[in-house]
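Each chain, written out:
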Amino acid sequence: MGVSRLDVFYRRLLLTKLFIGGWGKPEDLKRIFEFRKIIGDRERCKSLVPQDYPVYINKTEDLTDCQIHDGFFISPLEYLVPGILPPEAVKARFQFIVPKRWQKNRPVCIHLAGTGDHFFWRRRTLMARPMIKEAGMASLLLENPYYGYRKPKDQRRSSLKNVSDLFVMGGALILESTVLLRWLERDGYWPLGMTGISMGGYMASLAVTNWPKPIPLIPCLSWSTASSVFTTGVLSKAVNWTELEKQYAINSVYEEEIIKLLEYCGADSFKMVPELLKNVESLDHLLGLSGDHKVSLGQYSTAQMETEVGGGPEGCRAGMIEQQLSSSGNNRGTSLDTLPSCSSHHSQQKKTDSANLWRPSLHKESISFMKGVMDECTHMANFSVPVDTSLIIVVQAKEDAYIPRTGVLSLQEIWPECEVRYLNGGHISAYLFKQNVFRQAIYDAFNRFCLKYPNLH
């Protein structure tokens, strides 16, 4: 199946670069990967978030058909991995849109935000308000870290500054979704489900892998991993590869230490790079690129490089988890502090060998590393399988150029009983014109849940 020309054209209109700050601090990546090992195992996460975790409503607005409650709480990630979230993102904000008249039961669907979906207007207008009219269903809109009120001051629009920011966002949303699902359960809402479009679909999928009960999940325009999005999809052309390649070359910690922390090694692992690079080259041909996106360290003079690299050994912080989180008891104050600072003259020092800095394979190595770290934190095979995969309805576009499905495990292979519904066209056209299809998939998944688990509340 080909890719949508509209997707390719739309990507060309957007000039902002992703990850202009690079990979993120090595110690942050280490802490994230260690925490991923815990959060990827549902059994180990049962007591990460207390049942009575505090949630607050600070404003209520009365409309003709619904009430809109604005609320907030402190992200549990701030307690579990202190300092990993930017200060602006520590307070999680949400809108709870409740119909004045329920048609049947008190169903609530949590919507996670897609790329560029700041604040609440878009999801409220395109999904939540129509869902009240069509099905009498409430919606809870959680704001992603790094977006809207939670956007760092030095971040430009929706462009995450570091690759690690995406993983921090995912870890935060998994825990924050648990907080909200438990809060809704306590207040007697039923049934509960989760959805999201594009990146929101990925995040909703990750959150549901951590939920210990059957739950409807409707990921729209997302797939099994985000690695293909940034290595073979049209968004890969927005990645600041020049900065990523430079950092990968001059800081040995990425290839000497962090690669060893990457656990996922499935049929579409980052170790299977030749097929991946074929996909990259075919996309270059489609976009008519001349290869300028592959410009890397060659543009830097030796003098500039020596100035940036410096001469001495680089200090490092291990960033490893000091203790395993207990699976019992109240862990509200549990901390994942890093170990004390350390220094290693050999493996941690910055590379100054010009043969390494200008090595021909640097671009390929950086793409491979990107696939590895993305799979580590976003590949659904790296997380627990949802309790009941028959409650999952995936909506995907056949010609999606943003979410490539070639060369990666399908969701049906990872979640055997899930249903996949395909739309004609690409990512952009589906988002603009198929919101009604997304909503119908939500209603179908909730109805399926009610038929299968009528007494589970």
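What counts and how
- Residues numbered from 1 in each chain as written.
- Predicted model: local features only at pLDDT ≥ 70, side-chain atom pairs only at ≥ 80, totals over all residues.
- Heavy atoms only, no water.
- pLDDT = per-residue confidence, 0-100.
- Contact = heavy atoms within 4.5 Å.
- Axes fitted to C-alpha atoms, helices over the stretch in contact; angles between N-to-C directions.
- Helix = DSSP H or I, 4+ residues; strand = E, 2+ residues; numbered from the N terminus.
- Parallel < 35°, antiparallel > 145°, perpendicular 65-115°, else oblique.
- Left-handed = near helix turned anticlockwise from the far one by under 90°.
- Nonpolar A, V, L, I, M, F, W, Y, C, P; charged D, E, K, R; others polar.
- Phe/Tyr/Trp six-rings, centres within 6.5 Å; stacked < 30°, edge-to-face > 60°.
- Buried < 20%, exposed > 50% of the residue type's maximum accessible area, 1.4 Å probe, protein only.
- Lys NZ or Arg CZ within 6 Å of the ring centre and 35° of its normal.

**A short note on the confidence of the model for the protein chain**
Looking at the protein chain as a whole, its pLDDT mean stands at 82, while 78% of the residues score no less than 70. Of the regions scoring below 50 in pLDDT, residues 285-355 engages in 138 contacts with residues more than four places distant in sequence or in other chains.

**Here's the deal with the packing of helix α4 (residues 121-135) against helix α16 (residues 435-452)**
Relative orientation of the contacting elements α4 and α16 amounts to 55°, with a least axis distance of 11 Å. In terms of their interaxial angle, α4 and α16 are classed as oblique. The handedness of the crossing between α4 and α16 comes out as right-handed. Judged by residue contacts, Leu126, Met127, Pro130, Met131, Glu134 and Ala135 of α4 engage Gln435, Phe438, Arg439, Ile442 and Tyr443 from α16. Considering only residue class, the contact of α4 with α16 consists of eight nonpolar, one polar and two charged.

**Quick word on the packing of aromatic side chains**
In the structure shown here, the tally under the stated rule is 16 aromatic pairs. Aromatic pair Phe449 and Tyr453: ring centres 5.5 Å apart, planes at 40°, arrangement tilted. Under the relative-accessibility criterion, Phe449 is labelled buried at 3%. One cation-aromatic arrangement involves Arg36 over Phe383; the distance from NZ or CZ to the ring centre is 5.7 Å. Looking at Arg93, its charged tip hangs above the ring of Tyr149, at a distance of 4.8 Å from the centre.

**What about helix α6 (residues 199-209)?**
Of all the 11 residues making up α6, 11 are buried; the element is thus mostly covered by neighbouring parts of the structure. Buried residues of α6: Met199, Gly200, Gly201, Tyr202, Met203, Ala204, Ser205, Leu206, Ala207, Val208 and Thr209, and no others. Looking at the buried side of α6, the elements it contacts are β4 (108-112), α5 (163-186), β6 (192-197), β7 (217-220), α7 (227-231) and α13 (362-378).

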